[in-house]
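Coordinate inspection notes
This is what each chain is made of:
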Amino acid sequence: VGLTDFAFFRQLDRLRLRIRTARGHRPGETLIPRSTQAWGVEFEAYKDYVPGDDFRYVDWNAVGRLDQLVVRTFTAEREIPVHLFLDTSASMRAPVVDQKFTFATDLVSAIGYVVLNNNDPLQVVALATPASGHLPFRPAPLLRHRSQFARLPSFLQTLAPTGKTYLRETVQAYTEQTREPGIATVVSDFLVEPAQYEGALTLLKARGYEVRAVHILGAAEMAPERFFRRGKLYDVEEHGERWVSLSRAHLQQYQEALRAHLDALQQFCHRHQVLYSRATTDTPLAQIMTEQLTQTGFLAFR
Amino acid sequence: MGILNPAALPLLTLLGILILIYLRERWRQRIEVPSLLLWRAVPEDKARIRRFLPDLLFFAQALLLLLLIGGLLRPYRSQIVTETHGNRHILVIDTSASMQAREGRTRRFDRALDEAKRVVRSLGPLDESMVISISTRPQVVSGLTSDHLLVLHLLEALQPVDTSTNLDLGVELALAQRDRDERRGRVHVFTDLPQSTLSLPQEQVKELEYHRIGKNDDNLALAAFHLHQNPFQTYSQTQAYMLVRNYAYHPKSGTLTLQLNGEPVFQREFTLAAREAASFSVKGFEKAGQLIARIEPGDALALDNQALAWVAERHERRLVVVSPVKNLHEELTRVSQSIPGLTLTAMTPEAFSPERLNPQDVALFHQFVPSTTVSVNSLYVFPPPDNPLFPVVAEAADLSILDWRQEHDLLRNLHYVEALPLKKARVLALPPWAQVLISSRTKMSEVPLALTGEKDGHRVVCLAFDLNKGNLTNSDNLTLLLLFLNTLRWLLPPDPVTPQLVPTGEAFFLPPGTTPDSLRLLPPQGEERVIETDTVEVDHVGEYRLGGSRYRATLYANLFDEMESDIARREEDTPIAKPTSESPSAPQELTRTVPNEFGRSLYYGAALVLILEWLYAMWRYSQTGAP
């Protein structure tokens, strides 16, 4: 299923972001439970009249019954700024057979569509390698409406996976320039030392973001024996080399290392109330959007 | 099982190259991973990777290579096949002069043809026959064929010639053809010669089907007809000798007539005992012209009853002497005065120019070689160093003669060649067109003292020793004088009007520079035709006329061959041997081993492997993303 499939978009139309703590300052269309405002659509509660309240919202029936001036309050409606961080390091292009980067951009597009469909502002940020004189990230234009969705794939097509992964540094640089937190979703393969992703996710939490992590995992990473038996491995980011022969014992050692890495990431997210979801490249995108991300609380049906 | 093209074996080294390519690719190729973070847990293993552990693709490529090389090797399996063949019959037919002898009202040749046709008609449909005619040279009239009508037609068209025969050669050729492909066959020989004349091994002779034709011995022949006339003699000084031989085994009488230009000049009746000969001599002819010697009455073989010769007119010849030595001029002037018909022109090298020579002249260059080629026959004596014709290697003195070619015309009647004056000589390098006539030896090597040859169509003689001190008219220098006269005679160009005598069965070579296709030949029998090669095959007795825009010649062809004239030779030893093996009549079944090549199957296999390998490679690429 791809982004050119209208049936897929119809499935996306049924989805919305599931909000837990994030909220914006500007009025929007997202109802904020347990948060009231003086005007609105959905009745939330009564409150005693205080001078200055709008007489139009005085509930005269309640006044007749209670002989007391009460005013209706409504569920607050706010827009939720969504910040989608896309890892564009070289590791996203390897192994080639996995096509992780293409998969990741498609996933970002799909999530972005859901966000814009709800008329929430969307800021897609490509995390790049820090360099002097340049921002360590590349932001897409701020999108606010569904009609602006077409600009998102155009931006994503200009990206190419290259350079090293600097999650913490780039996220820090971005948050320093952003005034309004919201939902921060990091889409990455997280193939970095734990200190890197822990630093990035902790920082986002500290700045008041509702943090989510989407872990892109390639099929070749999970079962490398299907693609090679022996050879010289080349690290596309660090440019290191390692001669590996995939014997049964060696494969087991690799699988254990992978499992430990995944467990560490998942447990960290759990501890820090970061929503975590794992998306493998051999899973259909529609299944990830409608099943995986809804089950893990990223999305909800309308 | 074997291979037909072992030259392709070295291509097997390509397998080694394929392995090297694989090892190199393994070392060069790298597998891109997003990070080595997870692979740190896996120990590095270089030693295992260094081992050559080929994959399926390698085996497919090696198999493909092996199949292609296998195809180039042209492998074969030996296959035994059985074929049914008819028998081979090789017919050797003598077409020489003696086959024209008459046996009653028919010629021997016609009888031989009848016998050969009978053999051909008796052949089965699968039998193959071949016809070889033999005279001086064998000629394959018909290759092996089972078309008996064609062979009969070719036999009808076969004609005899007036030449000698070389029956051994024809029979050897026939035996070789018979034994080809290990087939059985029979060689039939149709000739008038007795079987004992064959000089082949007795086993081979016994295998022949020998058909001897003719028994008639009635033949008188002109066994020789010589005319003695040197270039300086007139027709009145010419002497003709004729030898008449009776080849019959009984006495015979006849008349010998000699005609000069059609007019009888001599006639003599004779009677010869059985197998006897008589000679006749005539001289004092009154004019030049054609001489015809003829024996009458006719006998069984008419070819040898007549012979042609030519009494030539004496022409004035000029000897041009170019020498810086005045004494030699005077000496040669004295010699030339004693030779009728020879005039001498003497000059110094400074006064010489090639334009002063006529084509009929003979030039003598003493201590001088012209810078340009002269277009006359020439004698070079003691050529100077640095001459363009005979490279002079060194000087020599007091040489002694080591060897000489006694049979050459230049040394005819020279009994004391050692008496030549060799006080001073030049050591010459032998030009490629020349041959050594007289040779000597120095300490280093053998050196030519006299050499002869033909250059640019003209005869050349070179004497490396000097004769300026040799007084030719002195009795002590008789050998030198004879050598000089012989040389002069050999160098004199033939009179273009005088017909040339050519024995039948030989080829006459046209002079260099003659364009064959502009010449027409009128043979004694048959019609005038254009000559397409530079030789004329003289197969019949009589007069051949050659005519062209720039060249004309007349050839007289006579048959003086005792073997051919002796038409009734008797068996010298045992009678005709009968064939030892049974005459093959039924078709023969031959079992033979033939190579059955299967290289093409290997190519098909290679194509199949190539397709499978390509499909596998594509599948693997789709799986791994790497080739």
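Residues numbered from 1 in each chain as written. Chains lettered and ligands numbered in written order. Predicted model: local features only at pLDDT ≥ 70, side-chain atom pairs only at ≥ 80, totals over all residues. Heavy atoms only, no water.

1. What to know about the packing of helix 3 (residues 100–117) of chain A against helix 9 (residues 285–295) of chain A
Relative placement of two packed helices is described by the angle separating their axes and the distance separating the axes. Residues and elements named next belong to chain A. The contact between helix 3 and helix 9 brings their axes to 10 Å, and the two run at 55°. Accordingly, the angle class assigned to the pair helix 3 and helix 9 is oblique. For the pair helix 3 and helix 9, the crossing hand works out as right-handed. Here helix 3 contributes Phe103, Asp106, Leu107, Ala110, Ile111 and Val114 to the contact with helix 9, which in turn contributes Leu285, Ile288, Met289 and Leu293. Class assignment of the residues belonging to the contact of helix 3 with helix 9 gives a composition of nine nonpolar, no polar and one charged. (Axes fitted to C-alpha atoms, helices over the stretch in contact; angles between N-to-C directions. Helix = DSSP H or I, 4+ residues; strand = E, 2+ residues; numbered from the N terminus. Parallel < 35°, antiparallel > 145°, perpendicular 65-115°, else oblique. Left-handed = near helix turned anticlockwise from the far one by under 90°. Contact = heavy atoms within 4.5 Å. Nonpolar A, V, L, I, M, F, W, Y, C, P; charged D, E, K, R; others polar.)

2. Observations regarding a positive patch on the surface
Taken together, the side chains of Arg16(A), Arg18(A), Arg20(A), Lys205(A) and Arg302(A) make up a positively charged region of the molecular surface. As for its position among the elements, Arg20(A) is in the loop between strand 1 (15–17) and strand 2 (27–37). (Patch = residues over 30% accessible without salt bridge, like charges linked within 9 Å, V, L, I, M, F, W, Y side chains within 5 Å. Areas by Shrake-Rupley, 256 points an atom, 1.4 Å probe, with all protein chains shown as cover. Salt bridge = Lys/Arg side-chain N within 4 Å of Asp/Glu carboxyl O. Lys, Arg positive; Asp, Glu negative; His and termini not counted. Charge placed at Lys NZ, Arg CZ, Asp CG, Glu CD.)

3. With respect to the pairing of strand 16 (residues 289–296) of chain B
All names here are of chain B. Most of strand 16 is tucked away: six of the eight residues are buried. Pairing of strand 13 (residues 252–260) with strand 16 involves six bridges; the strand directions are antiparallel. Across the sheet, the residue bridging to Thr257 is Arg294, located in strand 16. Looking at chain direction, strand 16 and strand 17 (residues 306–311) are connected through six bridges and run antiparallel. Pairing of Ala293 across the sheet is with Ala307, part of strand 17. (Buried < 20%, exposed > 50% of the residue type's maximum accessible area, 1.4 Å probe, protein only. Pairing = 2+ DSSP bridges.)

4. Observations concerning the sheet that holds strand 10 (residues 230–235) of chain A
The sheet built from three strands is open, its strands ordered 11(A)-10(A)-2(B) with mixed pairing. Each having just a single partner strand, strand 11 (241–245) of chain A together with strand 2 (30–33) of chain B make up the two edges of the open sheet. Strand-to-strand twist of the sheet, defined as the mean angle between neighbouring strand axes without regard to direction, takes the value 35°. Note: strand 10 of chain A against strand 11 of chain A, five bridges, orientation antiparallel. Looking at strand 11 of chain A, one finds that Arg230(A) is bridged to Ser245(A).

5. Overview of the packing of helix 4 (residues 108–121) of chain B against helix 5 (residues 148–157) of chain B
All names here are of chain B. Running from amino to carboxyl end, helix 4 crosses helix 5 at an angle of 175°, the nearest separation of the two axes being 10 Å. By the angle between their axes, helix 4 is roughly antiparallel relative to helix 5. For the pair helix 4 and helix 5, the contacting residues are Leu113, Ala116, Lys117, Val120 and Arg121 in the first and His148, Val151, Leu152, Leu155 and Glu156 in the second. Considering only residue class, the contact of helix 4 with helix 5 consists of six nonpolar, one polar and three charged.

6. Looking at the confidence of the model for chain B
Detailed reading of predicted coordinates is not advised where the pLDDT is low. Residues and elements named next belong to chain B. In the predicted model, chain B carries a mean pLDDT of 87, and 95% of its residues have values of at least 70. Highest mean pLDDT in chain B belongs to strand 12 (residues 239–246) (95); lowest belongs to helix 2 (residues 46–50) (66). Scored as a complex, the prediction yields pTM 0.53 and ipTM 0.86. (pLDDT = per-residue confidence, 0-100.)

7. Description of the side chain of Thr30(A)
Residues and elements named next belong to chain A. Tracing the sequence through the fold places Thr30 in strand 2. For Thr30, the side chain forms a polar contact with the side chain of Asn118, separated by 3.2 Å. A polar atom in the side chain of Thr30 sits 3.4 Å from the side chain of Asp120. Residues in contact with Thr30, not counting those within four places in the same chain, are Ile19, Ala76, Glu77, Arg78, Ile80, Asn118 and Asp120. (Polar contact = N/O pair within 3.5 Å; in protein donor to acceptor, adjacent residues only side chain to side chain.)

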